[in-house]
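Observations on the model geometry
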Amino acid sequence: MKTLYEATTIAIGGRKGKVKSEDGPLDLNLSVPKSMGGSGGDGANPEQFFGAAYAACFGGAIQAVAENEKIKIDNDKLSVSATIGFCKDEDGFFLEATLDCYIPGVDIKTGEDLVESAHEICPFSKATRDNITVRLNLLLDE
């Protein structure tokens, strides 16, 4: 195994604190959503960070699969929207994710194949596999 990149980010003060990346570009306040008993506030939360990271990584995986399969896609219009749910049941708290993938210019079969293949290679999908429910959707033009 060869590590290609490492990022270090520190969280101070838990969900009501702040996060900062070691090298500086990430420096944000955190707040707890009202639906989770917090004040809301204008800070971000871990689910938003996770969703942003998962969506970006999954989009990159779609691009990698398309390039490998020699499928032309419009990288500027490709989008992945990640909805991360913070859930609770009798066993405690858990996450769930829904990835809505928009790949304009491909037919349904090609789009579905790209999304499924991306789910196999995306590091975030690998990390969540068999740990949380991940729903994959292909969005289509009307």
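One can find the structure itself at the top, above this paragraph.
Since the model is a prediction, treat every value here as computed from it, not as a measurement.

Definitions and cut-offs
For every chain, the first residue of the written sequence is number 1, and numbering continues from 1 onward in sequence order. Note on the predicted model: pLDDT of at least 70 is required for a residue's local features to be given, and 80 or more for side-chain atom pairs to be given and counted; whole-chain, interface and lining totals, by contrast, use all residues. To get the side-chain values, all heavy atoms of the structure are used, and hydrogens and water are removed first. Only the six-membered ring of Trp is used, alongside the rings of Phe and Tyr, when aromatic pairs are assigned; centres must lie within 6.5 Å, and planes under 30 degrees apart are stacked while those over 60 apart are edge-to-face, with the rest tilted. Salt bridge criterion: a side-chain nitrogen from Lys or Arg within 4 Å of a carboxyl oxygen from Asp or Glu. The numbering of helices and of strands both runs from the N terminus, where a helix is a DSSP run of H or I of at least 4 residues and a strand a run of E of at least 2. Note on classification: 1.4 Å probe, protein chains only; a residue is buried when its accessible area is under 20% of the maximum for its type, exposed when over 50%, partly exposed between these limits. To form a nonpolar core, buried Ala, Val, Leu, Ile, Met, Phe, Trp, Tyr and Cys residues must be joined to one another through side-chain atoms within 4.5 Å. Throughout, a contact is declared for two residues whenever any of their heavy atoms are within 4.5 Å. In plain terms, two cysteine sulfur atoms within 2.5 Å form what is called a disulfide here. Fitting a line to C-alpha atoms yields each axis, with helices limited to the stretch in contact; the angle taken between N-to-C directions then spans 0 to 180 degrees. Comment on the angle field: the value is read as roughly parallel under 35 degrees, roughly antiparallel over 145, roughly perpendicular from 65 to 115, and oblique elsewhere. Should the near helix be turned anticlockwise from the far one by less than a right angle, the crossing is termed left-handed; should it be turned clockwise, right-handed. Residue type decides the class: Asp, Glu, Lys and Arg count as charged, Ala, Val, Leu, Ile, Met, Phe, Trp, Tyr, Cys and Pro as nonpolar, and the leftover types, Gly among them, as polar.

1. What about the packing of aromatic side chains?
Within the structure shown, the criterion is met by five aromatic pairs. Of the aromatic side chains, those joined through ring pairs into one cluster are F50, Y54, F58 and F124.

2. Topic: the pattern of salt bridges
Side chains that differ in charge, positive against negative, can pair when their charged atoms come close. Considering all chains together, one arrives at five salt bridges under this definition. The shortest N-O distance in the salt bridge between E47 and R15 comes to 2.5 Å. One end of the pair, E47, is in helix α1 (residues 46-68); the other, R15, is in the loop between β1 (9-12) and β2 (18-21), with 32 residues separating them in the sequence. Looking at E47, the relative accessible area reads 11%, which means it is buried. Exposure remark for R15: the relative accessible area of 28% places this residue in the partly exposed category. Of the charged contacts, one joins R135 and E96 as a salt bridge, the two residues approaching to 3.6 Å between their closest N and O atoms. Of this pair, R135 sits in strand β6 (residues 133-139) while E96 sits in strand β5 (residues 92-102); the two residues are 39 residues apart in sequence, bridging distant segments of the chain.

3. What about the nonpolar core?
The nonpolar side chains of a soluble globular protein tend to be buried with one another. The biggest cluster of nonpolar side chains holds 21 residues, and the ones touching the most others in it are F58, I62, I73, V80, C101, I103 and L114. Contributing elements (two or more residues each) for this core: α1, β4 (79-89), β5 and α2 (108-121). It is α1 that provides the largest number of residues to this core, a total of eight residues. Once residues lying within four places of it in the same chain are set aside, the contact partners of I103 are I62, I73, L78, G111, L114, V115 and L138.

4. As for unusual backbone geometry
Phi at K70 is positive, roughly 60°, even though this residue is not glycine. Locating K70 in the fold gives a position in the loop between α1 and β4. Assessed through its relative accessible area of 75%, K70 is described here as exposed. If you check the backbone angles, D130 has positive phi at about 65° while not being a glycine. Mapped onto the secondary structure, D130 falls in the loop between α3 (123-128) and β6. D130 sits in the exposed class, given a relative accessible area of 79%.

5. Some words on the state of the cysteines
Taken as a whole, this structure holds zero disulfides when the rule is applied. Distance from the sulfur of C57, which forms no disulfide, to the nearest cysteine sulfur (C122) is 3.6 Å.

6. A look at the packing of α1 against α2
Each packed pair of helices is defined by two parameters, the angle between the axes and the distance between the axes. At a minimum axis distance of 8 Å, the contact between α1 and α2 shows a crossing angle of 115°. Relative to α2, the element α1 is oriented roughly perpendicular. α1 and α2 meet at a crossing whose hand is right-handed. Mapping the contact onto sequence places Y54, F58, A61, I62, A64, V65 and A66 in α1 and L114, V115, S117, A118, H119 and I121 in α2. Tallied by class, residues from the contact of α1 with α2 come to eleven nonpolar, two polar and no charged.

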